[in-house]
Every structure is written in C-alpha cells, then in structure tokens.
Amino acid sequence: MKLMGMRKIIQLSLTVIIAWTLSGVSQAQEVLYDYPDLNPYAATVTETPIALRAVLPKKIPVKDYELRVFLDHKIPHVLWYDEKMRYSLVTQEGPAPLIFVIAGTGAGYNSEKMTVLQHALYQAGFHVLSLSSPTHPNFIVSASSTGVPGHLLEDSQDLYRVMRLAWLEHQSDIEVTDFYLTGYSLGAAQAAFVSKLDDEQGDFHFKKVLMINPPVSLYTSTSILDDMLAKNIPGVADTFPEFFDKVFHAFSEVYRKGDFVDFSGDFLYTAYQDREPADEVLAALIGTSFRLSSANMIFTSDVLTNSGYIKPKNLVLSTTDSLTDYYKVSARVTFLDYFREMFYPFFKIKYPDITEQSLIENLSLASLEDYLKHSTKIGLLHNADDFILGEGDLDFLLSVFGSRAKIYPRGGHCGNLAHHTTLAYIVEYFNNPVSPNILKNNPEPFPGFTSSESLRVEEQPLTQWAPVHNVTHSTNKENYPDLRNHLNQQSLSSGRGIQESQDSLEGTTAMAAASEPSRTDPTLPVPRDNTPVVEQVIIEPARRPIQDVVQPGERYVIDVYDPIEGFNRSMYKFNAKFDEYVFLPVVEGYEAVMPDFFEDRLSNFFSNIADLRNLLHSILQLKGEVTLNTLSRILINSTFGLGGFFDHATPLGIHQQTEDFGQTLGHYGLNPGPYLVLPIFGPSSIRDTTGLLADAAARYFYLYTPVNFDDHIDRSSAATLVWAVDVRHNLRFRYYQTGSPFEYDLVRFLYTKKRQLEIEK
C-alpha cells in the first residue's frame, strides 16, 4: 500500500512538472504569436491589425495576362467579357522557383488575400503565378470543362490544365528552378487534388505544397456558412434586403471612388474593420459575403449551361438586358439549394451510380486521406478556431498531417493571413530544404519539358470519378499548337456534360441513356458550345422563377431609377472596351516612362488644383469646417508643398474632402433624376452630369484663363489629357474584373448610395 501511495505521489508530481513545462512552452509560443485575442468572427472580418502585419513591398512588377483555354469557345453574349481566363504573373530577374497560388471560394487572382500572398512570396524570391478559384465567374466561363463548379476533382483537373497552358506561355521568358504550389480556403483543398494529379502526370513535380485554412468537407463548410446568415438574421428571406442595405450603407461610407472592388468575395468586410459590431452581426456579415459569392457562381453557371434554374431555359440574354431581377433571385439561393437542385442532378446524370451521400464524401479531403498521409511534401497551415471546420475536422487534419501541420490557436478563417508570423512561416516552409523522403518521392528534381510524347494518365483511384484522359505534353514552340489541340480535345470530352445538364437538371430520365456514350467512349470529342442550339426555340420557365421573389410594385434595395437601362448597359460596355483598348494602354505607357517620384508629384499637383473646386463648393454649401479644412490644405500644399507638388497636409491629418457642383445641387434639394452612364466618364445621373458640365466651365475661368490657356487650345488640350491620364492612373477599378455577372447592378447601386452619403454628410 505504501508503495502504491508512493507511486501516486510520484505520478502526481510528474504530471504537475509536465503541465508546468508545457504551459511554459505554450506561453513562449504565445509570445511569438502575438495575434490579437479576437473571436473567430471578428478575426475573419477585421483581419490583421496594421501594426502586426508583415512589411511587404507596395509595388511589384506584376503583370496581368489572358489565356484562351478552349480554341472553339462560344459563350452566351451576356458573358462576353469572360471569354479568356485572366491571371497574373510576377517574375524575378534571374532564376528562381515558380509557385502557383490558388484563390479561395469565389475569389479572383487579384483579390486582397491573393495580393498578400503574391507580395510576400515575391519578396522571398519566388516567381508567383496567381490563379482565380474555379468557383470564380471568369474561371467558370473561360476554363471550366463542365460549367458546374464545386466538384473538387474535376475543378482541379481544370486548374491543372490551366497551369500547364500558362507555364507554356511563359517558359521561354523566365528561368525556373523548381515548382511549388499553395492555396487558401477552397484553393487549399484543390491544391491537394492538383498535387495528386501532378504526381500521376509528372508535369511539374511540385517540390512542396502548402494548404492554408482548407475545409475538410466542402459540403459541411458551405452548410456552416449558409447557416451563419440564416441563424443570425431571423426571417432571412424577408429581412435580408434590410440587412444588406445596412451593410452596403456602411461599405459606401469607407469606399473611395475608383477603388478596386472585388464583388466576388470579402469586399463588405472593409466596412466593419474599424467597428465593433456584435458577434451575430459579424457572423451574418460573413454569411452575406458567402451568399453573394455563391450568387455570382450559381447564376454564371446557370447561364453558361442553359440549365433553366434561375434564367428561363433557352432565353438568350443580350448585353443590354437587365439582370437586376435575376440578382434578387440568385441572392436567395443557398449553396445547399444549388447542391441539391443543380449540382447533384448534373453529376447524377454523368455518373448514374452515384448517390448524394457518396458525392458529399468525395467532396472531402477524406477521399485523399491515404495520399495526404503519405505525401510528405504536403504541409498544412490552419487555425484552431476556424469556423469552417466541422466537428472532428481538426482532429482529422492532425491525424493525417501529424508534424506537417502548423495550427495557430486563433485567427478565424484566414484572418491572420497577413500577420507577420503567419507569412514568415509560409515563406520559411517553402525556403526550407526538401527532406530526403520528398526527393525520394520525386526523383526528377525539375521537368525539362523537352519531349513531345504523350503522357498516359491512369484512372483516378477516387471512387465514382472518370479518369483523366490522355494528353500530349510538349514545350517546344513548334509543337505548341499540337499541345493546345490535345488539351482542348481533353476539355471538350470532359465538357460533354454541359449540354447534357440542360435536360438532366430538369429531371429528364431519358438523359441517363443519352449520357451513356460519354461513359463508354470518353475520348469522343464534342464541341463545347454553351450557347443553346435548338431547331425550335421554346422558352421554358425557370425552376426558380422571378415571380416567386419579385412582387409587382415593390421596391428592393438593389433597385435604382434607371429608365434607359438598355442604353446605359451598352454605354457601360463601350466604356469597358475604350478602357481596355485606348485608355489603359496610354496609362500603362505613362507608368512605364514616368518614374514613380514624378508620378506622385503630378498627382499631388492636380489634387491641389482640385482643391480649388472643393473650396468653392464647400463655401456654396455653407460647410464651415470643410471650407477651413480645404483652405488649410491649399495654403499648406501651395507653399510648403512647392505649388502642390508635395502633399504635406495629409500627413498632418488634413485630408481631402471632395465636393462638386452635383453635390451642391443635391445639398439644396435637387433630386438626382435618372441614372446615367456617360461615355468615358462612367456612372452619373442627370443632376451629376449637369454638375460635371458646370465644373468644367468653372475650371476654364479659375484655371485656364489665369495661365493664358484659353488662347492656346494645344496647351489646354495637352494639360487636360495629362490630367485625365493621371486620374485614370490613380483609379484601381477595372471593368468586368469585379468577379460578378451583376457588376453593372452593383456599381450602379454603389455609386448611387455613395453620392447619397456625400450629400447627407
């Protein structure tokens, strides 16, 4: 008994010592990881405080590119702007590793989180090629072989095809020593599938792969995000528009005209980064962001496949048709609705033996469990409080990755991505020497890509899925068209389901027999023509009809008085074309020849001149504080700033407050009138157009006449042109790159809301 008592005392003592030791280690780690003690919702929305963010270069030599993935690609007219897939590449001057980065759910290659990873990895010495998520509208239209996103394996096959084509575009221009792969959120899960495809095909031989905040089960994570909206806004179907209006109102307060807006992702978070809303508001905000991203994806897929889900089947939308009512419907469709009513029926026809449960199981990292356990080149970075993880998911990840998993105690869903410790870990992970086990699993350190022989791909071990078909791979320039043809044939074969889905999504059982040839002869090429081709067009009602959501005479938040919408949409398209082919090339030339120092000086000079207009209208509106503020700016910048070339007022906390004649008219009660899209100038209204003309006339008297430009048309024209180029140079907005098929509607709403706030303040 004494011996037993002694053992218990010894065990208790050891337990206390071990607990104290572990506590000390934990405290030491906490000192290193100084991310704020925020709940996961607040961490996700507010992200990383500026003081704790990694120091990254402000400007890097990144370039945007477009890639034609399908040679005979035909798309609906209303989606004309997404014919080519957009991506970006930033390169080092000499030899360096190339890392592919895959965006998260619904996000584009140029989204905020992608930019953070891009700048950090470039700073660390990598070439960085950034890709949009396969759930992003541009990727769906230009690069998806099915047009029905969400299938991890098939979307990853599309990603892998795009990676190969993009590499072929640039391999002769850059020197690459090794290939790496990463992605965040959904992009992290797809990185695992892409890595497996590459192990089987051997195109890149990725040295290392890092999965950042991936979901374990796509179905579980999307259900959680849908519930975050439903559970935090009582009666969501009726109260969501009111909540959306409040959120957009808050966003409009912090939005600056011309800023880049990513309508596909987390743009609404910006409005609450300096606020402290309740947890239920933050949860609803996250759910709203996901709902908008889903709406973009679902409507794009519906139009592309002509499935008749939201848009009536066989109805051909033109570029001037209104999409506002379709937005109202799309915003009410949950991801679970999409899964059950569109996604599952499509794949049920493609794979008749599949069940809903087996499809859910295959949309999970559990389907790759054995591969992930034994592939030592794949690492995991996650947060313990990430709300997209279901019950037991974190334990699953720890059991699979073991020592290859890095789990931070807090940070929510990617909220700590910009944190200095997080980015340091990411860079260190890729810079660390490769273990012998990884080299053993990847005996060829770098693919030479000199052979034009076909690479045979075995059938995927994942249950229920079709094999990846044979392709020819070569990087010799003379063989490049052949490679494109082979890849195109592969994608055409995979894309047979697009046409089949038009009937399958209606529940037509006869399609099961029609789809049989695609299963027995998967290499049979079929044109990937997403535009409906029928002998007799019969427009069939949508399964989610507008009439169920939009009530006659009822006004919705997104509605703006736009009686000439057809003209405005055509003018919006004209502006996009003018911007792409005229304005932006001139701006790019200006940026290429003008050093950054002189660009800033010119911008400050023109901004100082604009303050004369701001001063005039602040006086007319009897805004005493704004008048004093603007007058102080003019005096400080015109004297100490050497005529306005240096802005010393802003660092002193005296910020520019824009005023114009349109605001003055609104201040005295004049309604804006109909919405109007002006050539080149963009969004406006009848009132603001009048103000624009008045300000142009006033500028002639207070600027051009004093400097004698009124008698020299050539000088005044040159000055106006330089001013216009400088204005466009400072605007980050790019037409049709917001990631939403409803860009026109959202830009119109944002402009109207912003002008309303400017007049009310």
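Structure first, text after, so check above.
These figures come from a predicted structure and were not determined experimentally.

**Remarks on the overall build of the chain**
Of regular secondary structure, the chain possesses 27 helices and 12 strands. The proportion of buried residues among the 761 residues of the chain is 54%. Look at the contacts in the chain between residues 6 or more apart in sequence, and 79% of them connect residues 24 or more apart. Only carbon and sulfur atoms are counted for the fraction: they give 59% of the accessible area of the chain, which is about 33,000 Å².

**Some details on the side chain of arginine 748**
Along the chain, the position of arginine 748 falls in helix 27 (residues 743-760). At 3.1 Å, the side chain of arginine 748 and the side chain of threonine 324 are in polar contact. Contact partners of arginine 748, with chain neighbours within four places excluded, come to Thr324, Ile558, Val560, Asp562, Glu565 and Tyr675.

**Quick word on helix 26 (residues 713-729)**
Helix length check: helix 26 (17 residues) gives 24 Å between terminal C-alpha atoms against 24 Å at 1.5 Å per residue, within 8%. Residues of helix 26 that are buried in the fold lie against helix 21 (565-593), helix 22 (596-620) and helix 25 (686-704).

**Digging into the pattern of salt bridges**
A full pass over the atoms with the stated rule returns 30 salt bridges. Two residues, aspartate 647 and arginine 633, come together in a salt bridge whose shortest N-O distance is 3.9 Å. Note that aspartate 647 is positioned in the loop between helix 23 (624-639) and helix 24 (661-667) and arginine 633 in helix 23, a separation of 14 residues in sequence. Take arginine 633: its relative accessible area is 2%, and that puts it in the buried class. Two residues, aspartate 688 and arginine 755, come together in a salt bridge whose shortest N-O distance is 3.1 Å. Of this pair, aspartate 688 sits in helix 25 while arginine 755 is found in helix 27, placing the two residues 67 residues apart along the sequence. Each member of the pair, aspartate 688 together with arginine 755, is buried. Counted as one network, the salt bridges with shared partners bring together Asp562, Glu565, Arg569, Asp745 and Arg748.

**Here's the deal with the packing of helix 5 (residues 152-170) against helix 6 (residues 186-201)**
The description of two packed helices rests on the angle between their axes and on the distance between the axes. Axis separation between helix 5 and helix 6 bottoms out at 9 Å; the angle between their running directions is 70 degrees. As summarised for this structure, helix 5 and helix 6 are arranged roughly perpendicular, according to the angle between their axes. Crossing hand, helix 5 versus helix 6: right-handed. For the pair formed by helix 5 and helix 6, the contact residues are Leu152, Leu153, Asp155, Ser156, Gln157, Leu159, Tyr160, Met163 and Arg164 on the first element and Leu186, Ala189, Gln190, Phe193, Val194, Leu197, Asp198 and Gln201 on the second. Of the residues in the contact of helix 5 with helix 6, the class split is 10 nonpolar, four polar and three charged.

**Regarding the environment of serine 618**
With respect to the helices, strands and loops of the structure, serine 618 is situated in helix 22. Overall, serine 618 belongs to the buried group, its relative accessible area being 0%. Considered as a pair, serine 618 and leucine 628 are 10 residues apart in the sequence and their alpha carbons are 9.2 Å apart. In this structure, serine 618 is in contact with Lys623, Val626, Thr627 and Glu659, ignoring residues within four places of it in sequence.

**Thoughts on the packing of aromatic side chains**
Any pair of aromatic rings gets described here by the distance separating the centres and the angle formed by the planes. Applying the stated criterion across every chain, the model contains 43 aromatic pairs. Where phenylalanine 204 meets phenylalanine 206, the ring centres are 5.4 Å apart and the plane angle is 20 degrees; that geometry is what we call stacked. Of the two residues, phenylalanine 204 and phenylalanine 206, neither departs from the other in class, the shared state being buried. Site record: aromatic cluster; members linked through ring pairs are Trp80, Tyr81, Tyr572, Tyr675, Phe733, Tyr735, Tyr736, Tyr744 and Tyr751. One cation-aromatic arrangement involves lysine 208 over tyrosine 429; the distance from NZ or CZ to the ring centre is 4.6 Å. When the ring centre of tryptophan 723 is taken as reference, the NZ or CZ atom of arginine 699 above it lies at 5.2 Å.

**What about a negative patch on the surface?**
A surface patch of like charges, here negative, comprises Asp64, Glu66, Glu580, Glu588 and Glu591. Top contributing element to the negative patch by residue count: helix 21, with three residues. Along the polypeptide, glutamate 580 turns up in helix 21. Accessibility expressed as a relative area gives 36% for glutamate 580, which makes it partly exposed.

**As for the pairing of strand 12 (residues 682-685)**
The sheet contact formed by strand 11 (residues 675-678) and strand 12 spans four bridges and is antiparallel. Bridge assignment links tyrosine 675 to a residue of strand 12, and that residue is serine 685. Hairpin connection from strand 11 to strand 12: three residues lie between these consecutive antiparallel strands, with isoleucine 680 at a positive phi of about 70 degrees.

**Here's the deal with the packing of helix 3 (residues 112-123) against helix 15 (residues 420-431)**
The N-to-C vectors of helix 3 and helix 15 enclose an angle of 50 degrees; their axes lie 10 Å apart at closest approach. Looking at the two axes, helix 3 sits oblique to helix 15. With respect to the hand of their crossing, helix 3 and helix 15 are arranged in right-handed fashion. Along the contact surface, helix 3 presents Val116, Leu117, Ala120 and Leu121, while helix 15 presents Leu423, Ile426, Val427 and Phe430. Tallied by class, residues from the contact of helix 3 with helix 15 come to eight nonpolar, no polar and no charged.

**Examining the sheet that holds strand 8 (residues 405-408)**
Reading across from one edge, 1-2-4-3-5-6-7-8 is the order of the eight strands in this open sheet, with mixed pairing throughout. Strands with a single pairing partner mark the edges of an open sheet, and in this sheet they are strand 1 (63-67) and strand 8. Going from strand to strand, the sheet's axes swing by 20 degrees on average, the running direction of each strand aside. On top of the sheet, helix 14 (residues 393-401) reaches strand 6 (208-212), strand 7 (378-383) and strand 8; it is set at about 155 degrees to strand 7, its chief contact.

**Considerations on the nonpolar core**
By size, the foremost hydrophobic cluster in this structure holds 132 residues, and its most contacted members are Phe100 and Leu372. When residues of this core are assigned to their parent elements, the largest contribution, 12 residues, is made by helix 9 (residues 279-305). In this structure, leucine 372 is in contact with Ala192, Met211, Leu365, Ile378, Val400, Phe401 and Arg404, ignoring residues within four places of it in sequence. Within the second largest apolar cluster, 30 residues are counted, among which are Ile60, Val116, Leu381 and Cys414.

**Some details on a nonpolar patch on the surface**
A cluster of nonpolar side chains, Phe574, Ile680, Phe681 and Leu692, forms an exposed patch at the surface whose accessible area comes to about 390 Å². The residue phenylalanine 574 is located in helix 21 in this model.

**Let's talk about unusual backbone geometry**
With a phi close to 50 degrees, histidine 205 is a non-glycine residue in the positive phi region. Positionally, histidine 205 belongs in the loop between helix 6 and strand 6. Owing to a relative accessible area of 15%, histidine 205 belongs among the buried residues under this scheme. Unlike most non-glycine residues, asparagine 314 shows phi in positive territory, near 75 degrees. Mapped onto the secondary structure, asparagine 314 falls in the loop between helix 9 and helix 10 (324-330).

Rules behind the numbers
- Residues numbered from 1 in each chain as written.
- Predicted model: local features only at pLDDT ≥ 70, side-chain atom pairs only at ≥ 80, totals over all residues.
- Heavy atoms only, no water.
- Helix = DSSP H or I, 4+ residues; strand = E, 2+ residues; numbered from the N terminus.
- Buried < 20%, exposed > 50% of the residue type's maximum accessible area, 1.4 Å probe, protein only.
- Contact = heavy atoms within 4.5 Å.
- Areas by Shrake-Rupley, 256 points an atom, 1.4 Å probe, with all protein chains shown as cover.
- Polar contact = N/O pair within 3.5 Å; in protein donor to acceptor, adjacent residues only side chain to side chain.
- Expected span 1.5 Å × (residues − 1).
- Salt bridge = Lys/Arg side-chain N within 4 Å of Asp/Glu carboxyl O.
- Axes fitted to C-alpha atoms, helices over the stretch in contact; angles between N-to-C directions.
- Parallel < 35°, antiparallel > 145°, perpendicular 65-115°, else oblique.
- Left-handed = near helix turned anticlockwise from the far one by under 90°.
- Nonpolar A, V, L, I, M, F, W, Y, C, P; charged D, E, K, R; others polar.
- Phe/Tyr/Trp six-rings, centres within 6.5 Å; stacked < 30°, edge-to-face > 60°.
- Lys NZ or Arg CZ within 6 Å of the ring centre and 35° of its normal.
- Patch = residues over 30% accessible without salt bridge, like charges linked within 9 Å, V, L, I, M, F, W, Y side chains within 5 Å.
- Lys, Arg positive; Asp, Glu negative; His and termini not counted.
- Charge placed at Lys NZ, Arg CZ, Asp CG, Glu CD.
- Pairing = 2+ DSSP bridges.
- Core = buried A, V, L, I, M, F, W, Y, C linked by side-chain atoms within 4.5 Å.

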